[in-house]
Number of protein chains: 2
Amino acid sequence: MATGMPNWLKQRAFLTPERTALIFENRTWTFAKVYEEAAKRTAALYKRGFSKGDRIGLLIRNTPEAVVLIHAMQQLGASAILLNSRLTAGELVWQLKDAEAAAMIYDPAHEGIAKDIQAELPCIESVQLSGEEMPVIREEFSLEDTCSIMYTSGTTGKPKGVRQTYGNHWWSAAGSAFNLGVSERDCWICSVPLFHISGYSILMRSVIYGVPIRLHERFNEDEINAVLKQGEGTIMSVVAATLSRLLRSSEGSYHENFRGMLLGGGPAPKPILEECAERGIPVFQTYGMTETSSQIATLSPEYSLTKLGSAGKPLFPCQLRIAAEGGEAPYKEGEILVKGPNVTVGYLNREEANKEAFVGGWFHTGDIGYVDEEGFLFVLDRRSDLIISGGENIYPAEVESVLLDHPAVIEAGVTGVTNEKWGQVPAAFIVEKEPVEEEELRRFCQSRLAKYKCPAYFIKVEGLPRNASNKLLRRELRNQFERDTF
Amino acid sequence: MATGMPNWLKQRAFLTPERTALIFENRTWTFAKVYEEAAKRTAALYKRGFSKGDRIGLLIRNTPEAVVLIHAMQQLGASAILLNSRLTAGELVWQLKDAEAAAMIYDPAHEGIAKDIQAELPCIESVQLSGEEMPVIREEFSLEDTCSIMYTSGTTGKPKGVRQTYGNHWWSAAGSAFNLGVSERDCWICSVPLFHISGYSILMRSVIYGVPIRLHERFNEDEINAVLKQGEGTIMSVVAATLSRLLRSSEGSYHENFRGMLLGGGPAPKPILEECAERGIPVFQTYGMTETSSQIATLSPEYSLTKLGSAGKPLFPCQLRIAAEGGEAPYKEGEILVKGPNVTVGYLNREEANKEAFVGGWFHTGDIGYVDEEGFLFVLDRRSDLIISGGENIYPAEVESVLLDHPAVIEAGVTGVTNEKWGQVPAAFIVEKEPVEEEELRRFCQSRLAKYKCPAYFIKVEGLPRNASNKLLRRELRNQFERDTF
């Protein structure tokens, strides 16, 4: 079995040079142009002594320059460490050192933080990378080579670098294609960070499928709604919070070209899914993580209504199991285990963590879910978010979903807080649409949830803590609760 | 890098059980049903002592039973030897022994020939395979395992068994998807033999993409035209002869659902391509062979008009080169070399042939072609068909293309025949649409071709010798010529 394949960007630029590769604001780039620009950066890096096998940090924004830099890393054969631009200098240095990075390349907008880092390792401003001559670009990628490294948010302990190989990204793109389909008329909207797997995987699909990525520097609901209404994008990756904002700032459906919202980043509240169904906005709910190089399960288009709330079945090359006490059975909750050629080859330099996470070829996600009698996956929660109260399991997402059903609530986050009697009790953080009494919310919950699941506290806030992918940070809520000593 | 993936049919039956897998005449089968039927055959084979690793001959017709049998071989883990039903008993026995087959399974229609074979090895009529209990079906396919063996027509010497692995078929399907696109609304029309790679690969795409195969027992232009006019198929695999018959028996274009004709099996005469362009029938010209598990290069949709006559560029995972004397250059003719994960791992038990065919990772196709300045491949001819006349190379396809341009000619085949003066001269075999003088044809050719390329003989015949895929057998023409001692 061959494990080499043609250098992706070079091959794409050879096969369909004139197709649009990238759309950003009012400009477009062809694949030939992106390749030309990436080759220049590669030449400049090569000249500075970097070469295949080096690990190089990227501190980027969602810009055309970032697209070119990511490709340049692949052209050089370097493993790119995709850095989260919301981190502090200290956190960044920790990751760069952990990954034994040779250097960090940064967007001029991050000059300030780069100055704090450059005492620790060479930092290169991206605009300085202009090559005078074309380097010898490698002809092939080896599917076993590490293409990218992304540190997981790490709900407990220090972050771990997830190694994603070229093979991981390739199989991820192929698995997605055989579920969602692929057409040369597609255009994937990317307003999620390129440094997260959600954004990075869009860029990989773009080059493998030969379709454009429509890049947005940041998520803006009015801008995106205009794009979707005009039919200028066919698929978009969202999380519940961004989808909700899109819904609130528009009415009706989108242009007929629009194939659907790929909704990831955690269990989706049902009210949002129901509203999309009513408005004729297709939603493909998906389950995936950095360790699976994007989707591992996605609801097929034909089940998007009948299996509302499910993350679907595994992609064609993938498998999943539920590790439930006493064995697997429909509706029995347990840890979600996954397997497939898109699953990471392991955490960088974390022998112990790898031993724990990979057992018999199955990756232990730490997330909780069940499958129904037909094998559809329902993700209940991230294990680390699980609230255990008086021996009963409470999944924050379920409580949040109920709160969001209340007309006065536009955002809700639930976390477990310490309680002498029950060990933990749920606390709810609420963003109001209109003023509402605490008693009213309490009654509303009690009418829909078992008593032990009802929040013991309702805290009204202006906004909820989210990471760069707009994923709710429930742990932050707990810290905030404890800081404010309720 | 993982090389295992879920058992294809089982996974597909799990993921989308209710989708249509197969359409034949007025009946349809879901993926769940095909899996159920395949499992029964697997159980019956298992009971008879067959198991993983066995090689089993299949002597089939294009029927639903054949689809189920092909899948049963995969479920069992046996390598299927796909037998050409046009061969004699002696030729079949030779292939079965060469492949060390454990048995042959045959369609009841082939009972006569099976009787002549059963003295040599166990022969099982397919209808006898009804399992009483479900066997333990393997969970995964290993991409390195040999899935199918197909003997190449062998223009010279004894046929060779081409080993096609699961990986070969997987990458072939993926490469095709990233060029032609894939949609759950697709339906691939298969009137080419399932025992040839052209038909077998449609079946593999069907299960990997989750789309139906519309199977026809034999090619009938009126039947297929009706299907295409009604929009009941979206893609169809054809060769020049069948496409020509489709064009002659209908007018105008097809239903808007129809995405295109995948035209393989040798260089296509330009008049046919031009007629398709005029009538708005999309054609994707392709180049491939048994050894590349179907397509290795295919013209992308956007170039189907501007690069008329080209077989396009390699599929995304593939590469090609022209081995021309004095090095590669645009328009320079030479042997076509190919590389990719869909290329066979080698001929069965043919060490010498493998050494010759694979040099430095490149497979030597024996075919002649050139690439233009943009890298588009133009296939001139199969090397074995090359006519060398007075030191000049003559490619039969070029001469045929000219003859087909004449309004009185509906089929043309050109071959080289022995000539004392020139070594070889071209001889043309003609099927007339309306009576035409030999002198008229000679003048027509002389006006369009260099003198040495003009046929020395024009032989009028009722039809041309073709194999089961409708590929012209030029060698037969030569034999016929010599037999008739012109």
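Remember, it's a predicted structure, so these values are computed and weren't measured experimentally.

Reading the values: rules and limits
Residues numbered from 1 in each chain as written. Chains lettered and ligands numbered in written order. Predicted model: local features only at pLDDT ≥ 70, side-chain atom pairs only at ≥ 80, totals over all residues. Heavy atoms only, no water. Least-squares fit on C-alpha atoms with pLDDT ≥ 70 in both. Axes fitted to C-alpha atoms, helices over the stretch in contact; angles between N-to-C directions. Helix = DSSP H or I, 4+ residues; strand = E, 2+ residues; numbered from the N terminus. Parallel < 35°, antiparallel > 145°, perpendicular 65-115°, else oblique. Left-handed = near helix turned anticlockwise from the far one by under 90°. Contact = heavy atoms within 4.5 Å. Domains from an automatic or database assignment. Buried area = accessible area lost by both parts, 1.4 Å probe. Salt bridge = Lys/Arg side-chain N within 4 Å of Asp/Glu carboxyl O. Polar contact = N/O pair within 3.5 Å; in protein donor to acceptor, adjacent residues only side chain to side chain. Nonpolar A, V, L, I, M, F, W, Y, C, P; charged D, E, K, R; others polar. UniProt positions renumbered as here; feature names shortened; annotations may be inferred. Buried < 20%, exposed > 50% of the residue type's maximum accessible area, 1.4 Å probe, protein only. Pairing = 2+ DSSP bridges. Right-handed = clockwise from strand over helix to strand, strands pointing away.

**Student:** Explain the relation of the copies chain B and chain A to me, please; I cannot follow it from the model alone.
**Tutor:** The operation linking the two copies of the chain is a rotation about an axis combined with a translation along the axis. Overlay of chain B on chain A (RMSD 0.0 Å): rotation 180 degrees, translation along the axis 0.0 Å. In the structure described here, the two chain copies are related by an operation that fits a two-fold rotation axis. In terms of C-alpha distance to the rotation axis, chain B has B:Val182 as its closest residue, with the C-alpha 2.6 Å off the axis.

**Student:** I'm lost on the packing of helix α9 (residues 240-248) of chain A against helix α10 (residues 270-279) of chain A in this one. Help?
**Tutor:** Helix-helix packing is described using two parameters, namely the angle between the two axes and the distance between the axes. Residues and elements named next belong to chain A. In the contact formed by α9 and α10, the axes pass within 11 Å of each other and the chain directions differ by 45 degrees. Viewed along their axes, α9 and α10 adopt a mutual orientation that is oblique. Relative to α10, α9 is oriented so that their crossing is left-handed. When α9 is examined against α10, the residues Ala240, Leu243, Ser244 and Leu247 are found in contact with a partner set consisting of Ile272, Glu275, Cys276 and Arg279.

**Student:** For this particular structure, what's the right way to read the domain arrangement of chain A?
**Tutor:** How big an interface is tends to be expressed through the accessible area that disappears when the partners come together. Residues and elements named next belong to chain A. Entries for chain A in the domain assignment read domain 1 (4-142), domain 2 (168-383) and domain 3 (386-483). One C-alpha centre belongs to domain 1, the other to domain 2; they are set 26 Å apart. Contact residues are listed per partner, giving 30 residues for domain 1 and 29 residues for domain 2. For the domain 1 and domain 2 pair, buried surface summed over both sides reaches about 2500 Å², with 61% attributable to carbon and sulfur atoms. Among the residues domain 1 hides against domain 2, the three largest losses belong to Trp8, Ile23 and Asn62. Together they make up 28% of the total. The interface formed by domain 1 and domain 2 holds two salt bridges in total. In this structure, Arg350 engages Asp98 in a salt bridge whose closest nitrogen and oxygen atoms are separated by 3.1 Å. Between domain 1 and domain 2 we count 13 residue pairs in polar contact (both at pLDDT 80 or more) in total. Elements supplying a minimum of two residues to the side of domain 1 that touches domain 2: α1 (8-15), β2 (20-24), α3 (64-76) and α4 (89-98). The leading source of residues in the side of domain 1 that touches domain 2 is α3, at six residues.

**Student:** Help me out: how do you make sense of the interface of chain B and chain A in this one?
**Tutor:** Listed per partner, the contact involves 43 residues of chain B and 43 residues of chain A. Taken together, chain B and chain A are joined by two salt bridges. For the pair chain B and chain A, the interface holds 15 residue pairs in polar contact (both at pLDDT 80 or more). Listing elements by their share of the side of chain B that touches chain A, those giving two or more residues are β1 (4-6), α1 (8-15), α6 (166-180), α7 (197-209) and β17 (313-314) of chain B. Broken down by element, the side of chain B that touches chain A gets its largest block of residues, seven residues, from α6(B). Residue classes in the side of chain B that touches chain A are distributed as 27 nonpolar, seven polar and nine charged.

**Student:** Explain the UniProt feature "domain: AMP-binding enzyme C-terminal" (unreviewed entry) in chain A to me, please; I cannot follow it from the model alone.
**Tutor:** Listed under "domain: AMP-binding enzyme C-terminal" (unreviewed entry) in the UniProt record, and renumbered for this structure, are residues 398-471 of chain A. Between the C-alpha atoms that bound residues 398-471 of chain A the distance is 16 Å, and the span itself is 22% helix and 34% strand.

**Student:** Where do I start with the packing of α6(B) against α7(B) in this structure?
**Tutor:** All names here are of chain B. Between α6 and α7, the shortest axis-to-axis distance is 9 Å and the interhelical angle comes to 80 degrees. Judged by the angle between their axes, α6 and α7 are roughly perpendicular. Taking contact as the criterion, the partners of His169, Trp170, Ala173, Ser176 and Ala177 in α6 are, on α7, Ile197, Tyr200, Met204, Arg205, Ile208 and Tyr209.

**Student:** Before we go on, may I ask you to explain the pattern of salt bridges in this structure?
**Tutor:** Here the idea is simple: oppositely charged side chains can pair when their charged atoms come close. Per the stated rule, a full pass over the model turns up 60 salt bridges over all chains. For A:Arg61, the salt bridge identified is with A:Asp107, shortest N-O distance 3.0 Å. Here A:Arg61 is found in the loop between β4 (55-59) and α3, whereas its partner A:Asp107 is found in the loop between β6 (103-106) and α5 (111-117), with 46 residues between them in sequence. Residue classification places A:Arg61 among the partly exposed positions, given a relative accessible area of 28%. Salt-bridge contacts for B:Arg259 lead to B:Asp186; the nearest nitrogen and oxygen are separated by 2.8 Å. Of this pair, B:Arg259 sits in the loop between α9 (240-248) and β14 (260-264) while B:Asp186 sits in the loop between α6 and β11 (188-190), and the two are 73 residues apart along the sequence. Salt bridges sharing common partners tie together A:Lys33, A:Glu36, A:Glu37, A:Lys40, A:Arg41 and A:Glu65.

**Student:** I keep staring at the side chain of A:His169 and nothing clicks. Help me out?
**Tutor:** All names here are of chain A. Looking at where His169 falls in the secondary structure, it is placed in helix α6 (residues 166-180). Given the relative accessible area of 2%, His169 is considered buried. Filtering out sequence-adjacent residues up to four positions away, His169 remains in contact with Trp8, Cys147, Ser148, Gln164, Ile197, Tyr200, Met204, Ile208 and Ser293.

**Student:** How do you make sense of the pairing of strand β3 (residues 27-30) of chain A when you look at a structure like this?
**Tutor:** Each regular strand displays side chains that alternate between the two surfaces of the sheet. Residues and elements named next belong to chain A. As paired elements, β2 and β3 share four bridges and run antiparallel to each other. Directly across from Leu22, in β3, lies its bridge partner Trp29. Between the end of β2 and the start of β3, which pair antiparallel, lie two residues, with Glu25 showing a positive phi angle near 50 degrees.

**Student:** Mind showing me how you'd approach unusual backbone geometry here?
**Tutor:** With glycine set apart, most residues show a phi of negative sign, and most peptide bonds adopt trans. Residue and element names in this part refer to chain B. We note that Glu25 has phi near 50 degrees; this positive angle belongs to a residue other than glycine. Within the secondary structure, Glu25 sits in the loop between β2 (20-24) and β3 (27-30). Of the residues examined, Glu25 reaches a relative accessible area of 59% and is grouped as exposed. The backbone phi angle of Ser294 is positive, close to 100 degrees, even though this residue is not glycine. With respect to the element layout, Ser294 can be found in strand β16 (residues 294-298).

**Student:** Would you mind showing me how to read the pairing of β6(A) here?
**Tutor:** Residue and element names in this part refer to chain A. Here β6 shows no split at all, with Ala103 and Ile105 on one side and Met104 and Tyr106 on the other all buried. Pairing geometry for β4 and β6, over four bridges, is parallel. Within β6, the position partnered with Ile56 by the bridge is Ala103. Regarding the hand of the β-α-β motif, the stretch spanning β6, α5 and strand β7 (residues 123-125) is right-handed.

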